[in-house]
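Now for the letters of each chain:
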Amino acid sequence: MKVALFATCLVDTMVPQVARATATLLERLGHEVVVPAGQSCCGQMHVNTGYRHEAVPIVANHVRAFAGAEAIVAPSGSCVASIHHQQAAVARRAGEHALADEAELLAGRTYELSQFLVDVLGVTDVGAFYPHRVTYHPTCHSLRLLRVGDRPLQLLRAVRGLDLVELPGADQCCGFGGTFAVKNADISTAMLTDKMANVLSTHAEVCTAGDASCLMHIGGGLSRLRAGTRTVHLAEILASTEEAVNPQQSTKPSVPA
Amino acid sequence: MPAFGTGSGAVALRFRYRKRESAMTAVFLGIPTAPRDVGHLRGDQSFPDAARGALRDGQLRANLGHATSTIRAKRARVVGEVPDWAELREAGRAIKAATMARLDEHLIALEEQVTARGGTVHWARDANEANAIVTRLVQATGADEVVKVKSMATQEIGLNEALEAAGITALETDLAELIVQLGDDKPSHILVPAIHKNRSEIREIFARTIPGVDPELTDEPRKLAMAARTHLRERFLRARVAVSGANFAIAETGTLTVVESEGNGRMCLTLPETLITVMGIEKVVPTWRDLEVFLQLLPRSSTGERMNPYTSLWAGVTPGDGPQDFHLVLLDNGRTAVLADEVGREALHCIRCSACLNVCPVYERAGGHAYGSVYPGPIGAVLSPQLTGVEDNASLPYASSLCGACYDVCPVAIDIPSILVHLRAEHVEAQTRTTPEAAAFRALSKVMSSPRLWHLAQRAAGLGRFLARGKPTLPAALPPPASKWTRTRDLPTPPRETFTQAWAREHGR
Ligand code: SF4
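Residues numbered from 1 in each chain as written. Chains lettered and ligands numbered in written order. Predicted model: local features only at pLDDT ≥ 70, side-chain atom pairs only at ≥ 80, totals over all residues. Heavy atoms only, no water.

1. Some words on the overall build of chain A
Definition in use: A run of H or I in DSSP becomes a helix once it reaches four residues, and a run of E becomes a strand once it reaches two; helices and strands are each numbered from the N terminus. The buried label applies to any residue whose accessible area, calculated with a 1.4 Å probe on protein chains only, is under 20% of its type's maximum; exposed applies above 50%, and partly exposed to all values in between. By definition, residues are in contact when any of their heavy atoms lie within 4.5 Å. The charge count treats Lys and Arg as positive and Asp and Glu as negative. His and the chain ends do not count. We put the charge of a Lys on NZ, of an Arg on CZ, of an Asp on CG and of a Glu on CD.
A count of helices and strands for chain A gives 14 helices and 8 strands. Buried positions account for 62% of the 257 residues belonging to chain A. Long-range pairs, those at least 24 residues apart, make up 78% of the contacts in chain A between residues at least 6 apart in sequence. Mean positive and mean negative side-chain charge positions of chain A (20 and 23 charges, respectively) differ by 5 Å.

Below you can see the structure in the form of structure tokens.
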């Protein structure tokens, strides 16, 4: 299958290794990966901060960039959720009905990584090897908007060498929430503290998730505390193999950027 | 221009029609919101400021954390055992939506039925009108004391203060509401107003404020309840006037409903001679069959019980049985304005179960007082700004990480996150001057909608790595607004090259 990769603005700019891992994984599974050069952002941050008018041109750019793609995959639950639940709505509200229709059609072919692997490709064992103790945080939009359910856990359970530990209070928000983390920095930090306490209680080496943004939040907190636990995106774990992981490398992202 | 719903304009007109004297002179300036000078819908601090203080109160955090996690687990258990919960929830949503679409007709039907059964219906456009009506009604009885059934509507309009100003004492009889009143405190939860207090704090309040209380009073729940019972019993017996709210009003028979746990409400609803019920106009349901749905949804969602202990239903007056004088005050106070908003009107479907508060990670940490309104938590964050006009509660729509836990538990499926996002936009669009934030978001919109500008901007972001001087994270002391992040969280150093650039290079473009 020819898969168009939507890196998302945050991953592309800040943590490119996550997009790289997604591409590596999909190619290893025998699919052709294309990365449309015109892509930027899904518009979520604008919509969620109250700039729904300003989001419309961003949506238009996204629809232009991915026009004609057979399947679109993004390593981010919340961006995919925005594509599914917000893009057409903001376009329609602005009276851009043709754009809204196109956005709707495109949304129907857009998948979050774990949903794409399990539902579309029908694989749970992607042939990965990752010899580390890992805990999984089911990010809110993957959990409640996309209903990814236990798909990421199915994928993680099939990874060789991986010791999966349950995260207490897993369904609790980490406190990121986009601009919420800045506008309500104190509450956000209080939520983060409790999330980190749960993550640390598992004694996992790695906390993983399907959203790079939430991981940047949790990872930013853990790093500030000089905690030993690292955040690694699900795609990076699934992309790791015996050949790509150097045991000395510990929990560093397996695929260099 | 707000899109008028089917029923909203009609309801607004009905209120104008009822108030003939002012309708003569009124100039229509849009649908009025709740007035500023009265009631408890506005705080004096923004949410982030109020929350910052609350977060430092360790006792509050412990009390709230304990209470919300307990009730959350109870709710999950009893909701989980209902096989058709999803269908019930959808029925609740559909009934509310259909009722709101013809709200004016249902209210008229309710008025007719209540009147036919010997009650009197009053239409109050706002808090001031409602307070004046109730005060006048109490004064007409000659009483200087009323007993109160727990009610959010009367808290919203500040009825106790209005009565007090007229020399009338209002006694709260709900246990938690009594604790708040005796402690000279404010409610912090819509169902458990004293949720921010623990047993030993309650013991202290009782010992200090209840005259003649047992000096040996301990913080054992039974002992505390007995102390409140003794204190209240005497007041129930001497009360001549009671004031209540209503959970539901059934239009087809004019029947009012109060759902409660303690039985104190029933004492108020049956013993006094005069009963005055203040009810938000959105509480009407068309038929008894609708009530069947809500009486299943409400107790499981609110207290985590299969059935609440007391459900009181009454219609008008019955000679020789219960209050002989019954008044129903229908309160608008901004509700018609909410109804006029296509997206926001769903907030009127709320049955005040409080499930959304109990699961909210923001509420759990900040507590109810930080919201500044009697309606805290997720529902408060969408209801208060709409009742007052969003500019009067502009920080509330942002008091959420949009995690969606509220939507999941709401028994009438109110999509609170979508309303929050909608109200944020309403706030942004209400600004007449360009804020720095708006300027930034507009510029970013231009950049993100042009691949060429976007690639330039990404390169510029990559220059951030010079700030890091080779370290894996950026310095913690960045200028605002980045400092709001970096004060407590590291930011990774941006890479030299973005993924899309690297990919294009490798794939020869
Ligand atoms: S919004 Fe829904 S969950 Fe929240 S109090 Fe109202 S009915 Fe209950």
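More follows now that the structure is in view.
2. Here's the deal with the overall build of chain B
Threshold: Atoms counted for the radius of gyration: C-alpha only. Globule rule: 2.2 Å times the number of residues to the power 0.38. Accessible surface area values rest on a Shrake-Rupley calculation with a 1.4 Å probe, where residue burial reflects the displayed protein chains alone.
For chain B, the count of helices and strands is 25 helices and 10 strands. Its C-alpha radius of gyration of 26 Å places chain B within 12% of the 23 Å reference for a compact globule of 509 residues. Considering only C-alpha atoms, chain B reaches an extent of 90 × 60 × 50 Å along its principal axes. Counting contacts in chain B only where the partners sit at least 6 residues apart, residues at least 24 apart contribute 75% of the total. As presented, chain B carries roughly 21700 Å² of accessible surface, and 54% of it is formed by carbon and sulfur atoms. A distance of 8 Å separates the average location of the 59 positive side-chain charges in chain B from that of its 57 negative side-chain charges.

3. Regarding the state of the cysteines
All names here are of chain A. Let me state the cut-off plainly: Counting rule for disulfides: a pair of cysteine sulfur atoms within 2.5 Å.
Summed over all chains, the structure comprises 0 disulfides over all chains. This cysteine, cysteine 9, is not joined by any disulfide, and cysteine 41 carries the nearest cysteine sulfur, 3.9 Å off. Free cysteine cysteine 42: the closest other cysteine sulfur is in cysteine 79, separated by 4.3 Å.

4. A few points about the domain arrangement of chain A
Residues and elements named next belong to chain A. Here is the rule: For every domain, the bounds stem from an assignment made automatically or drawn from a database. Accessible area, probed at 1.4 Å, shrinks when two parts are joined; the buried area is that loss added up over both. A carboxyl oxygen of Asp or Glu within 4 Å of a side-chain nitrogen of Lys or Arg is what we treat as a salt bridge. Residue polarity follows a fixed list, in which Ala, Val, Leu, Ile, Met, Phe, Trp, Tyr, Cys and Pro are nonpolar, Asp, Glu, Lys and Arg are charged, and the others, Gly among them, are polar.
When its domains are assigned, chain A resolves into domain 1 (2-120) and domain 2 (133-239). With centres defined by C-alpha atoms, the gap from domain 1 to domain 2 works out at 22 Å. Each side of the interface is counted separately: domain 1 has 28 residues, and domain 2 has 23 residues. Buried surface at the junction of domain 1 and domain 2, summed over both partners, amounts to about 2000 Å²; 68% is from carbon and sulfur atoms. For the interface between domain 1 and domain 2, the tally reads 1 salt bridge. Here arginine 151 makes a salt bridge to aspartate 119, at a shortest N to O gap of 2.9 Å. Of the residues in the side of domain 1 that touches domain 2, the class split is 14 nonpolar, 11 polar and 3 charged.

5. Some thoughts on the domain arrangement of chain B
Where interface size is quoted, it is often the accessible area lost as the parts come together. Here chain B is partitioned into domain 1 (86-331) and domain 2 (436-507). Taking only C-alpha atoms into account, the centre of domain 1 of chain B sits 54 Å from that of domain 2 of chain B.

6. Some points on helix H5 (residues 85-101) of chain B
Residues and elements named next belong to chain B. Put simply, the test is: Every helix has an expected span of 1.5 Å times one less than the residues it contains. An arc is given here, and it is the one of the directions from the helix axis to the C-beta atoms.
Between its first and last C-alpha, H5 extends 24 Å over 17 residues, near the 24 Å set by a 1.5 Å rise per residue. Among the residues of H5, Trp85, Leu88, Arg89, Gly92, Ile95, Lys96, Thr99 and Met100 are the ones counted as buried. Buried residues along H5 cover an arc of 125 degrees about the axis, so they all sit on one side. H5 presents Ala86 and Glu87 as exposed residues on the side facing more than 90 degrees away from its buried surface. Looking at the buried side of H5, the elements it contacts are helix H4 (58-80), helix H6 (103-116), strand S8 (284-285), helix H14 (288-302), helix H15 (335-339) and helix H19 (405-409).

7. Observations concerning the site of the ligand
Our working definition: In these notes, residues near a molecule or strand are those with any non-hydrogen atom within 4 Å of it.
Around the ligand lies a shell formed by Ile190, Cys350, Ile351, Arg352, Cys353, Ser354, Cys356, Ile379, Cys410, Pro411, Ile414 and Ile416 of chain B. When the residues that make up the shell around the ligand are grouped by side-chain class, the tally is 10 nonpolar, 1 polar and 1 charged.

8. Considering the packing of aromatic side chains
What counts here: What counts as a ring pair is set by centres within 6.5 Å for rings of Phe, Tyr and Trp (its six-membered ring), and what kind of pair is set by the plane angle: stacked under 30 degrees, edge-to-face over 60, tilted for all other angles. A ring has a charge above it when a Lys NZ or an Arg CZ is no more than 6 Å from the ring centre and no more than 35 degrees off the ring normal.
For the coordinates displayed, the defined rule picks out 9 aromatic pairs over all chains. Ring centres of tyrosine 51 of chain A and phenylalanine 441 of chain B lie 4.6 Å apart, and the angle between their planes is 5 degrees; on these two criteria the pair is classed as stacked. Of this pair, tyrosine 51 of chain A sits in the loop between helix H3 (44-49) and helix H4 (52-66) while phenylalanine 441 of chain B sits in helix H21 (residues 436-448), placing the two residues on different chains. Phenylalanine 441 of chain B carries the same exposure label as tyrosine 51 of chain A, and that label is buried. Site record: aromatic cluster; members linked through ring pairs are Phe47, Tyr363 and Tyr371 of chain B. One cation-aromatic arrangement involves lysine 183 of chain A over tyrosine 398 of chain B; the distance from NZ or CZ to the ring centre is 4.4 Å.

9. Here's the deal with the pattern of salt bridges
Counted under the stated rule, the structure contains 39 salt bridges over all chains. Salt bridges sharing common partners tie together Arg52 and Arg93 of chain A together with Glu426 and Glu429 of chain B.

10. Looking at the interface of chain B and chain A
Here is the rule we go by: N or O atoms closer than or at 3.5 Å make up a polar contact, with two conditions inside protein: a donor-capable atom paired with an acceptor-capable one, and, for residues adjacent in sequence, both atoms drawn from side chains.
Across the contact, 66 residues belong to chain B and 63 residues belong to chain A. With both chains or domains summed, chain B and chain A bury close to 5600 Å², and 58% of this area falls on carbon and sulfur atoms. At the surface where chain B touches chain A, the tally comes to 12 salt bridges. Counting the contacts that link chain B with chain A gives 34 residue pairs in polar contact (both at pLDDT 80 or more). Residues that form the side of chain B that touches chain A fall into these classes: 33 nonpolar, 15 polar and 18 charged.

11. Details of the nonpolar core
All names here are of chain B. Condition: Among the buried residues, those of types Ala, Val, Leu, Ile, Met, Phe, Trp, Tyr and Cys that are joined through side-chain atoms within 4.5 Å form a nonpolar core.
Core analysis: the biggest nonpolar cluster contains 184 residues, and Phe47 and Phe206 have the highest contact counts within it. Leave out the neighbours within four places in its chain, and phenylalanine 206 touches Leu175, Ile179, Leu182, Val213, Leu217, Leu224, Ala227 and Ala228. Among the nonpolar cores identified, the runner-up in size contains 22 residues, and Ala143, Leu159, Ile168 and Ile276 belong to it.

12. Here's the deal with the environment of valine 180 of chain B
Residue and element names in this part refer to chain B. Assignment of secondary structure puts valine 180 in helix H10 (residues 175-182). Residue class for valine 180 comes out buried when judged on its relative accessible area of 5%. Contacts of valine 180, omitting those with residues within four sequence positions, involve Asp185, Lys186, Pro187, Pro193 and Ala194.

13. Overview of the environment of alanine 461 of chain B
By the element assignment, alanine 461 of chain B lies in helix H22 (residues 451-462). You can call alanine 461 of chain B partly exposed: its relative accessible area is 30%. Taking the C-alpha atoms as reference points, alanine 461 of chain B and proline 492 of chain B, separated by 31 residues in sequence, lie 12 Å from one another. With residues near it in sequence (within four places) discarded, alanine 461 of chain B still touches Thr13 of chain A together with Pro494 of chain B.

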